[in-house]
Amino acid sequence: MRRIERSVIFNKNIYQWWDIETVYKPIHNSAGMTDDEMFADVEPFRIKMVEPIKIPSSEERERSLKEAGLNVFLVKGENIFIDLLTDSGTGAMSDRQWAGLMMGDETYAGSRNFYNLESAVADILGFEYVLPCHQGRGAENVLHTALIKDGDVVPGNTHFDTTKAHIEHKKGKAIDCTIDEAADPYIDLPFKGNVDLNKLEAVYKEYGKEHIPFTVITATCNSGGGQPVSMENMRAVYKLSQKYGILVCLDGARFAENCYFIKKREPGMEKYSIKEIAKLQADCFDLMTMSAKKDAIVNIGGFVATRHAEIYDKIKNFGILFEGFVTYGGLAGRDLEAMAIGLYEGVDQDYLAYRIGHVRYLGEQLKEQGIPVLWPPGGHAIYLDMKKFLPHIPPEQFPGMAFCAYLYLESGVRGVEIGTLLNGRDPETGLNRPAKLELVRLTIPRRVYTHRHLDFVVKAVMKVWEKKDQIKGFELSYESPVLRHFTAQFKWVE
Ligand SMILES: *Cc1c(COP(=O)(O)O)cnc(C)c1O
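Only a predicted model underlies this, so the values are computations on that prediction, with no experimental measurement involved.

Each value, and the rule that gives it
- Residues numbered from 1 in each chain as written.
- Predicted model: local features only at pLDDT ≥ 70, side-chain atom pairs only at ≥ 80, totals over all residues.
- Heavy atoms only, no water.
- Helix = DSSP H or I, 4+ residues; strand = E, 2+ residues; numbered from the N terminus.
- Buried < 20%, exposed > 50% of the residue type's maximum accessible area, 1.4 Å probe, protein only.
- Contact = heavy atoms within 4.5 Å.
- Areas by Shrake-Rupley, 256 points an atom, 1.4 Å probe, with all protein chains shown as cover.
- Core = buried A, V, L, I, M, F, W, Y, C linked by side-chain atoms within 4.5 Å.
- Domains from an automatic or database assignment.
- Salt bridge = Lys/Arg side-chain N within 4 Å of Asp/Glu carboxyl O.
- Near = heavy atom within 4 Å.
- Polar contact = N/O pair within 3.5 Å; in protein donor to acceptor, adjacent residues only side chain to side chain.
- Nonpolar A, V, L, I, M, F, W, Y, C, P; charged D, E, K, R; others polar.
- Phe/Tyr/Trp six-rings, centres within 6.5 Å; stacked < 30°, edge-to-face > 60°.
- Pairing = 2+ DSSP bridges.
- Axes fitted to C-alpha atoms, helices over the stretch in contact; angles between N-to-C directions.

K.L.:
Could you clarify how one ought to interpret the overall build of the protein in this entry?
P.N.:
Counting its secondary structure elements, the protein contains 18 helices and 14 strands. C-alpha extents for the protein along the principal axes are approximately 95 × 55 × 45 Å. Residue burial in the protein is summarised as follows: out of 494 residues, 54% are buried. Taking as baseline every contact in the protein between residues at least 6 positions apart, the subset at least 24 positions apart corresponds to 73%. Summed over its atoms, the accessible surface of the protein is roughly 23,100 Å², and 54% of this surface lies on carbon and sulfur atoms.

Written as structure tokens, this is what we have:
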């Protein structure tokens, strides 16, 4: 019996009139945007579940801020309209990640989800040994306890605040070897997170490998404005460090965003996929600490990973001591599964194009309105330059904190200070360490807010901009000895 053709739609003959090559392509190629431009910052996802957010009234905003001692960090989440405090653990997990939670294997030792994480890390980053930790600073605590001795130094490119605090807690010292250009908020360079190799070599010569347990490269560089580090620079750092016998550690919270910048900005790198770049990048490191709350798009999680069995042997006992058994590290099996899936989603090129484009969109809108914005935009946040925005407020009166208070009062939008408050006090002199750059960070959570939300943020910043000359500085009324920015309280300066 003859088989009846079931699908006319897929019968090739019907298509003969419509010839992609001769009819469509010539028109398409004649002018207009490329695909890259077309899809630059559009969301490559649709919304399956919504979380209503309350718009706090002006009375509620005033009351909340007063109760918080004028520190927006201490305002309750339910009184925030758009929360740009951090991109850490605030991302929206995908349907696959949520499905992964249901696949949690809560075996105490040897959970299946651990092995999925281990294979994701090996596949994407090439590290053989993985020690899960509850978040990035858990990973730092484990690693630093194992490797840093009293009097050691840890050079790097503008250490993140928890990294620096952990180094100092182990009685070590963080030495910043970032290129000088990074201190200029407007110089438009592709890789402002790069290490100055001369500065680094000077530290190597002065302290030697006996006093340098490792060098840490933060990519992208969070405290340096979310600026990327080039592949060329990472390779050079690795080569130099090998020459001096010093380990190199990637602080890789945003390793995938860094890969996207490398692909887009570094000559010769565009031919590689993001996943290939992630591997090439990891090849420049002996080990890595990861806050998976960033580029692995989970609400909690982290790990230490390394290619060296000896390092794994040293850290695993501290992992057990601080975090839990080596196959769960302070996390539930389901969290490990979401992290394994999220690592793959984080290196998806369409996702990264949206992510970086979404952040850039906010930067461009603000810049067009004349707002002093750190340039070029970082991968995860837009930074406002308070030295230009509020030039009448000196660093000791925390202009960034004063700005955040006004922004919240006017709009319910929460930003975060990255300046003298965050910089803390010099452990020797006890004086405020005035920050090189006095910034406010508007940090964009992953896959959470729409472009329309960002338009609202622009409107809110403009409202503060119009009143900027009337804004007064702050003085501290309460301060804690470590990581003071989390809990400080303030009064207006008379
Ligand atoms: C967030 C972050 C950390 C610390 O990670 P947590 O998960 O917040 O503990 C370390 N380094 C960098 C660069 C980060 O952005």
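Next, the rest of the story.
K.L.:
I tried to follow the nonpolar core on my own but got confused; where do I start?
P.N.:
Soluble globular proteins tend to pack their nonpolar side chains together in the buried interior. Counting residues in hydrophobic clusters, the biggest one holds 63 residues, and the most contacted among them are Val-121, Leu-125, Phe-255, Phe-303, Met-339 and Leu-343. A domain-level breakdown of this core finds at least three residues from each of domain 2 (58–80 + 349–492) and domain 3 (95–346). Among all residues touching Leu-125, those that are not within four sequence positions of it are Ala-120, Phe-255, Ala-278, Lys-279, Ala-282, Met-288 and Phe-303. With 47 residues, the next largest nonpolar core counts Ile-382, Ala-405, Leu-407 and Val-457 among its residues.

K.L.:
Is there a simple way to explain the pattern of salt bridges in this structure?
P.N.:
Pairs can form between side chains of opposite charge whenever their charged atoms are close. Within this structure, the stated rule accounts for 27 salt bridges. Across the pair Glu-364 and Arg-360 runs a salt bridge whose closest N-O atoms are separated by 2.9 Å. Of this pair, Glu-364 and Arg-360 both sit in helix 14 (residues 349–368), separated by 4 residues, roughly a single helical turn. Residue class for Glu-364 comes out partly exposed when judged on its relative accessible area of 33%. The closest approach of N and O atoms between Arg-484 and Glu-479, which form a salt bridge, is 2.7 Å. With a relative accessible area of 4%, Arg-484 lands in the buried category. On the basis of relative accessibility, which here comes to 27%, the residue Glu-479 falls in the partly exposed class. Because the salt bridges share partners, they merge into one network encompassing Asp-87, Arg-254, Glu-257, Asp-295, Arg-355 and Arg-446.

K.L.:
Got a minute to help me understand the domain arrangement of the protein in this structure?
P.N.:
According to the domain assignment, the protein consists of domain 1 (2–38), domain 2 (58–80 + 349–492) and domain 3 (95–346). The C-alpha-based centres of domain 1 and domain 2 are spaced at 50 Å.

K.L.:
Explain the site of the ligand to me, please; I cannot follow it from the model alone.
P.N.:
Around the ligand, 15 residues are found, and the nearest of them are Gln-135, Arg-137, Asp-251, Ser-291 and Lys-294. A distance of 2.7 Å separates an oxygen atom of the ligand from a polar atom in the side chain of Gln-135. One of the side-chain nitrogen or oxygen atoms of Arg-254 is found 2.8 Å away from an oxygen atom of the ligand. For the ligand, whose accessible area on its own is 380 Å², the fraction buried by protein is 97%. No other element matches helix 6 (residues 136–147), which puts 3 residues into the shell around the ligand. A class-by-class count of the residues in the shell around the ligand yields 2 nonpolar, 7 polar and 6 charged.

K.L.:
Just to check I follow, could you spell out the packing of aromatic side chains for this structure?
P.N.:
Aromatic ring pairs: the centre-centre distance and the angle between the two ring planes describe each pair. All told, the structure shown has 16 aromatic pairs when counted by the stated rule. With centroids separated by 5.2 Å and ring planes inclined at 75°, the aromatic side chains of Phe-114 and Tyr-115 adopt a geometry described as edge-to-face. Judged by relative accessible area, Phe-114 falls into the buried class, the value being 4%. Classification of Tyr-115 by relative accessible area gives partly exposed; the value is 41%. Residues Phe-398 and Phe-490 carry aromatic rings whose centres are separated by 5.8 Å and whose planes lie at 65° to one another, so their mutual orientation is edge-to-face. Remark: Phe-490 occurs in strand 14 (residues 489–492) and Phe-398 occurs in the loop between helix 15 (386–389) and helix 16 (399–411); sequence separation between them is 92 residues.

K.L.:
Explain the environment of Gln-397 here, please?
P.N.:
On the secondary structure map, Gln-397 appears in the loop between helix 15 and helix 16. The class of Gln-397 is partly exposed, set by a relative accessible area of 24%. Along the chain, Gln-397 and Gly-473 lie 76 residues apart, while their C-alpha atoms are 4.9 Å from each other. Every residue in contact with Gln-397, bar those within four places of it in the chain, is listed here: Gly-473, Phe-474 and Val-493.

K.L.:
What am I meant to see in the sheet that holds strand 11 (residues 416–418) here?
P.N.:
Where strands meet in a sheet, backbone hydrogen bonds hold them as pairs that are either parallel or antiparallel. In spatial order, the strands read 9-12-11; together these 3 strands make up an open sheet with antiparallel pairing. Of all strands in the sheet, those bounded by a partner on one side alone are strand 9 (381–385) and strand 11. Between one strand axis and the next, the sheet turns through 35° on average, direction left out of account. Contacting strand 9 and strand 12 (439–443), helix 14 crosses the sheet at an angle of about 25° to strand 9.

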